[in-house]
Amino acid sequence: QSALTQPPSASGSPGQSVTISCTGTSSDVGGYNYVSWYQQHPDKAPKLMIYEVSKRPSGVPDRFSGSKSANTASLTVSGLQAEDEADYFCTSYAGSNNRVVFGGGTKLTVL
Amino acid sequence: QVQLQESGPGLVKPSETLSLTCAVSGYAISSGYYWGWIRQPPGKGLEWIGSIYHNGNTYYNSSLKSRVTISVDTSKNQFSLKMNSVTAADTAVYYCARDVGVRGEFHFWGQGTVVTVSS
């Protein structure tokens, strides 16, 4: 069982927006602004899409955005495109004892 | 551009030690950052194993800490993972990555290497 809770699946049609949630506790997501999101296509390494809750690495389209409210972080993909179909994982800093925790992942389907 | 490449045996017997190396190019490990290992069992999610700073300071997932050792060799610009007493549950794709501050922020990843634990 993963430390952070994500819905197993999400879907949307091309051009639509979809939001994926990542729920933790005050000891991880709610306690720090260190939430990251990764995109993983089949048989590929994960790719960082969002870090520090809402920052985008160079080269990541601005269709991808991140936010956080209390113990829940969210990834929003706007203007869905076929290539956005992938698994998405969240991660958070969890304090000095067990520093990094991952969510179980969400499979995003573009209908 | 920073590149990472994992290497090591693809098959390990139960109770033995898994050993992997991550070769880094395009950036000198001695210049900074943390360097981490993450794994992904077949069809499952990601799990952070641990990270190391260039000076040798290590940070481990508490659930794996008793079996894991991460080391760094700045002269070869590589870092390594050893996991002892492996079982079938350790079968996974193992990734190495450049870590920012041991807080789940991995900007650069290796392609991953499959390790199967089986007799």
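The rules we used
- Residues numbered from 1 in each chain as written.
- Chains lettered and ligands numbered in written order.
- Predicted model: local features only at pLDDT ≥ 70, side-chain atom pairs only at ≥ 80, totals over all residues.
- Heavy atoms only, no water.
- Contact = heavy atoms within 4.5 Å.
- Buried area = accessible area lost by both parts, 1.4 Å probe.
- Salt bridge = Lys/Arg side-chain N within 4 Å of Asp/Glu carboxyl O.
- Helix = DSSP H or I, 4+ residues; strand = E, 2+ residues; numbered from the N terminus.
- Nonpolar A, V, L, I, M, F, W, Y, C, P; charged D, E, K, R; others polar.
- Core = buried A, V, L, I, M, F, W, Y, C linked by side-chain atoms within 4.5 Å.
- Buried < 20%, exposed > 50% of the residue type's maximum accessible area, 1.4 Å probe, protein only.
- Pairing = 2+ DSSP bridges.
- Axes fitted to C-alpha atoms, helices over the stretch in contact; angles between N-to-C directions.
- 1 Å grid on protein atoms, 1.4 Å probe; cavity = no way out; pocket = protein on both sides within 12 Å on 5 of 7 lines; lining within 4 Å.
- Points joined across faces, edges and corners; volume = space filled by probe spheres on them.
- Disulfide = S-S within 2.5 Å.

Overview of the interface of chain A and chain B
Next up, step 1: At the interface, 19 residues of chain A touch 22 residues of chain B.
Next up, step 2: Overall, the association of chain A and chain B removes approximately 1,700 Å² of surface from exposure, summing both partners, and the carbon and sulfur fraction of that is 60%.
Next up, step 3: Summed over the shared surface of chain A and chain B, the result is one salt bridge.
Next up, step 4: For the side of chain A that touches chain B, the secondary structure elements donating two or more residues are β3 (35-40), β7 (86-93) and β8 (100-102) of chain A.
Next up, step 5: It is β7(A) that contributes the most residues to the side of chain A that touches chain B, four residues altogether.
Next up, step 6: Taken together, the residues of the side of chain A that touches chain B sort by class into ten nonpolar, six polar and three charged.

Description of the nonpolar core
Next up, step 1: Membership of the largest hydrophobic core comes to 25 residues, with the highest contact counts inside it found for Leu4(B), Leu18(B), Trp37(B), Val68(B), Phe79(B), Leu81(B) and Tyr94(B).
Next up, step 2: Sorting the residues of this core by element identifies β3 (18-25), β4 (34-40), β5 (47-53), β7 (68-73), β8 (78-83), β9 (92-99) and β11 (113-117) of chain B as the ones contributing at least two each.
Next up, step 3: Sort the elements by how many residues they give to this core and β3(B) lands first, with four residues.
Next up, step 4: Non-local contacts of Leu18(B), meaning those with residues more than four positions away in its chain, are made with Val12(B), Leu81(B), Lys82(B), Met83(B), Val86(B), Tyr94(B) and Val115(B).
Next up, step 5: Counting 24 residues, the second largest nonpolar core, distinct from the first, contains Val53(A), Val77(A), Ala86(A) and Cys90(A).

Some points on the sheet that holds strand β6 (residues 72-77) of chain A
Note: strands within a sheet are paired through backbone hydrogen bonds, in either parallel or antiparallel orientation.
All names here are of chain A.
Next up, step 1: Taken together, the three strands give an open sheet; going across it, the order is β2-β6-β5, and neighbouring strands pair in antiparallel fashion. With one partner strand each, in any of the chains shown, β2 (18-23) and β5 (64-69) form the two edges of the open sheet. This sheet shows a mean twist of 20 degrees between the axes of neighbouring strands, independent of strand direction.
Next up, step 2: Strand direction decides the pairing type here: β2 and β6, joined by six bridges, are antiparallel.

Focus: the layout of surface pockets
Next up, step 1: By volume, the largest pocket is sized at about 420 Å³.
Next up, step 2: Along its surface, the largest pocket is lined by 25 residues, and Gln40(A), Gln40(B), Pro41(B), Gly43(B) and Lys44(B) are the ones closest to its centre.
Next up, step 3: Those elements giving two or more residues to the lining of the largest pocket turn out to be β7 and β9 (106-110) of chain A together with β9 and β11 of chain B.
Next up, step 4: Each residue belonging to the lining of the largest pocket can be placed in one class, and the counts come to nine nonpolar, eleven polar and five charged.
Next up, step 5: In this model, the second largest pocket occupies a volume close to 340 Å³.
Next up, step 6: Lys47(A), Gln1(B), His107(B), Phe108(B) and Trp109(B) are, among the 15 residues lining the second largest pocket, the residues nearest its centre.
Next up, step 7: In terms of residue count, strand β10 (residues 106-109) of chain B provides more of the lining of the second largest pocket than any other element does, three residues in total.
Next up, step 8: The residue inventory of the lining of the second largest pocket, partitioned by class, reads nine nonpolar, five polar and one charged.

A few points about the state of the cysteines
Next up, step 1: Evaluated as defined, the whole model comprises two disulfides over all chains.
Next up, step 2: In this model, Cys22(A) is linked to Cys90(A) through a disulfide, with the two sulfur atoms separated by 2.0 Å. Negative torsions about the S-S bond denote left-handed disulfides, and the value of about 75 degrees found for Cys22(A) with Cys90(A) makes this one right-handed. Here Cys22(A) is found in strand β2, whereas its partner Cys90(A) is found in strand β7, with 68 residues between them in sequence. Across this residue pair, the class does not change: Cys22(A) and Cys90(A) are buried.
Next up, step 3: Note that Cys22(B) is cross-linked by a disulfide to Cys96(B), the S-S spacing being 2.1 Å. Across the S-S bond of Cys22(B) and Cys96(B) the torsion is about 65 degrees, and the bridge reads as right-handed.

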